[in-house]
Amino acid sequence: MSSLLRRLLYISRIGEEVTDTSLRRIVASAQMNNRRNDISGVLALAPGLFAQVLEGSPDAVGQTLQRIRKDPRHDDLLVVDDTTTEHRFFDRWSMELLVDDISAELTVAVRDGLREGHELVAHLRDQHAKDPVWWPSAMKTLALSA
Ligand SMILES: Cc1cc2nc3c(=O)[nH]c(=O)nc-3n(C[C@H](O)[C@H](O)[C@H](O)COP(=O)(O)O)c2cc1C
């Protein structure tokens, strides 16, 4: 019998001082910590917003979320989906940065209450199935324009 996992999605506002260099640092340290804590997930970007899925044991996800909440590189963190599950959606990613137009549009719509968090999770899961790793030069513009 597999033990139950927690999968949550939050959206937060990107801090004004975040650049593509600090984004790379965030992702690199998230990958290192998450491998250690057996957490998987994805960090998506929308104009001025982060959307992040974390999945793993309930304890590990809870402790990681507590650390992330205190991080000054973003604020206004809002958990928009939080479920218990037996299966990971992002098992090949300890953390990956994802930049695509639909993720960005959905993130804004979920933040504005126009779409449900689980719809964004489903879209991100589809992206995971394609296994992209993107560092486009447009990323900085996308990340920093509010
Ligand atoms: C948008 C964002 C996403 C983050 N994602 C993770 C993550 O998935 N895992 C993680 O351990 N830390 C993540 N961090 C970093 C944590 O906030 C924190 O800096 C890190 O866990 C180290 O914490 P410590 O210095 O208290 O050990 C993220 C930070 C930000 C701003």
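Our subject in this report is the structure included herewith.

Here is what the cut-offs are and how they apply
Residues numbered from 1 in each chain as written. Predicted model: local features only at pLDDT ≥ 70, side-chain atom pairs only at ≥ 80, totals over all residues. Heavy atoms only, no water. Near = heavy atom within 4 Å. Polar contact = N/O pair within 3.5 Å; in protein donor to acceptor, adjacent residues only side chain to side chain. Areas by Shrake-Rupley, 256 points an atom, 1.4 Å probe, with all protein chains shown as cover. Helix = DSSP H or I, 4+ residues; strand = E, 2+ residues; numbered from the N terminus. Nonpolar A, V, L, I, M, F, W, Y, C, P; charged D, E, K, R; others polar. Salt bridge = Lys/Arg side-chain N within 4 Å of Asp/Glu carboxyl O. Buried < 20%, exposed > 50% of the residue type's maximum accessible area, 1.4 Å probe, protein only.

### Some details on the site of the ligand
Part 1: Every one of the 15 residues lining the ligand counts as a neighbour, but Asn33, Asn34, Gln52, Arg67 and Asp71 are closest to it.
Part 2: Within the side chain of Asn33, an N or O atom sits 3.0 Å from an oxygen atom of the ligand.
Part 3: A distance of 2.6 Å separates an oxygen atom of the ligand from a polar atom in the side chain of Asp71.
Part 4: Relative to its unbound accessible surface of 620 Å², the ligand loses 75% to contact with the protein.
Part 5: With four residues, the single largest contributor to the shell around the ligand is helix H1 (residues 20-37).
Part 6: Grouping the constituent residues of the shell around the ligand by class yields seven nonpolar, five polar and three charged.

### Details of the pattern of salt bridges
A side chain with one charge may pair with a side chain of the opposite charge, provided their charged atoms come close.
Part 1: The tally for this structure, following the rule as stated, stands at seven salt bridges.
Part 2: One salt bridge connects Asp76 with Arg13, and the closest N-O pair in it is separated by 3.0 Å. Of this pair, Asp76 sits in strand E4 (residues 74-85) while Arg13 sits in strand E1 (residues 5-14), placing them 63 residues apart in sequence.
Part 3: Judged by relative accessible area, which is 41%, Asp76 ranks as partly exposed.
Part 4: Note that Asp71 is salt-bridged to Arg73, the shortest N-O span being 2.7 Å.
Part 5: Judged by its relative accessible area of 32%, Arg73 falls in the partly exposed class.
Part 6: Taken together, the shared-partner salt bridges in this structure form one network comprising Arg13, Asp75 and Asp76.

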